[in-house]
Structure formats: C-alpha cells, structure tokens
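Per-entry structural report
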Amino acid sequence: MRMKTWIAAALLFALSLPAGANSMRVGDLYVYYNALPSTQLTPEIARQYGVTRSANRALLNVSVRRGEPGADVAVPAKVLAVATNLAGQRNGVEMREVRDGEALYYLGEAPVNGQDTLTFELEITVQGQAPIKTAFRQEFFPQ
C-alpha cells in the first residue's frame, strides 16, 4: 500500500474513533461528519495534513458520497461550517478539501477550551443541488 494511501486510511480511521461518524442521507447523497480533539491524531498524521495538534483544537471532518454504501463514490462539495460553544461564542471553521486517490474529504479546526461542548452547523453544497444543512453537538474533554 502506498505510504500516502496508508496515511489517508489511518487519518480516516482515527477520525472515526471517538463516536463514529454522524451521517445523513439526502436523495442519493450521504453526508458523513464528525469532530474530535486534534490531539487524537499522531504527530505524523497531523503534520501530513497540516492539522494543529493542541488540547485547544477540535478537528472537524466532512465527506460526501453518492450511491449506496459499498458502491458509493466521493462527491466534491462546498462545505461551510460554524462552531458555537455553550457560552454562545460562534467561530467560523475554515474548511479545506483533502484529496488522496479516490478519497475526498473536508477538514477544519475549531477552538475548544478545556471541557467544552461545541455545536457544529454545516451547510454542504453539491453542484446542481440545493444546500444540505445539518447540525451536531460534540463534547470535548481535556487530555
């Protein structure tokens, strides 16, 4: 297995560890999303993908697939994200596209303070379709 492909597989595996990916289906599209403390990534993987490892950083991961699981393909999208903590502080999350072979996903980082709960609001736009909106809440604990 190529090293880059192995790293992508390791990153995707690491991103799914805490609570698994949340998902939603809209027509023939599946949107998968999750967030975790950036410290759960190894230093090598964080460096490879330009992620800041810090107890004060959460990593948001979003992917869009078309078709039934197992026979699906990655779909390019525009992903907008906002993270809001329990005190009502809102932060835009700059999302960037990561491509590696057939893998395609979007990563962004958001600040967290100690034990924190963030609500992530997502707007995913696939060409030719109405925007898909969803939100999810994730707790973070100091490590």
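Above: the structure in question.
In this text, all values refer to a predicted model and were calculated from it rather than measured experimentally.

What the protein contains, in helices and strands, is two helices and ten strands. Listing every helix and strand of the protein by position from the N terminus yields α-β-β-α-β-β-β-β-β-β-β-β. In the protein, once contacts between residues fewer than 6 apart in sequence are set aside, the share between residues at least 24 apart is 59%. Element-wise, carbon and sulfur atoms account for 51% of the exposed surface of the protein, whose accessible area totals about 7,700 Å².

Tallied over the entire structure, the rule returns seven salt bridges. Close ionic contact of arginine 66 with aspartate 28 constitutes a salt bridge, the shortest N to O distance being 3.1 Å. One end of the pair, arginine 66, is in strand β3 (residues 57-66); the other, aspartate 28, is in the loop between β1 (22-26) and β2 (29-37), and 38 residues separate them in sequence. Of the charged contacts in the structure, one is a salt bridge between glutamate 97 and arginine 99, with a shortest N-O distance of 2.7 Å. On the basis of relative accessibility, which here comes to 40%, the residue glutamate 97 falls in the partly exposed class.

We now examine the pairing of strand β5 (residues 78-85). Bridging between β5 and strand β9 (residues 116-125) involves eight bridges; their strand directions are antiparallel. The partner of valine 79 across the bridge, within β9, is isoleucine 124. The pairing of β5 with strand β6 (residues 90-93) spans four bridges and is antiparallel. Among the inter-strand pairings, valine 82 is bridged to a residue of β6, identified as glycine 92. Connecting β5 to the antiparallel partner β6 that follows it, the hairpin turn spans four residues, and glycine 88 within it adopts a positive phi of roughly 90 degrees.

What counts and what doesn't
- Residues numbered from 1 in each chain as written.
- Predicted model: local features only at pLDDT ≥ 70, side-chain atom pairs only at ≥ 80, totals over all residues.
- Heavy atoms only, no water.
- Helix = DSSP H or I, 4+ residues; strand = E, 2+ residues; numbered from the N terminus.
- Contact = heavy atoms within 4.5 Å.
- Areas by Shrake-Rupley, 256 points an atom, 1.4 Å probe, with all protein chains shown as cover.
- Salt bridge = Lys/Arg side-chain N within 4 Å of Asp/Glu carboxyl O.
- Buried < 20%, exposed > 50% of the residue type's maximum accessible area, 1.4 Å probe, protein only.
- Pairing = 2+ DSSP bridges.

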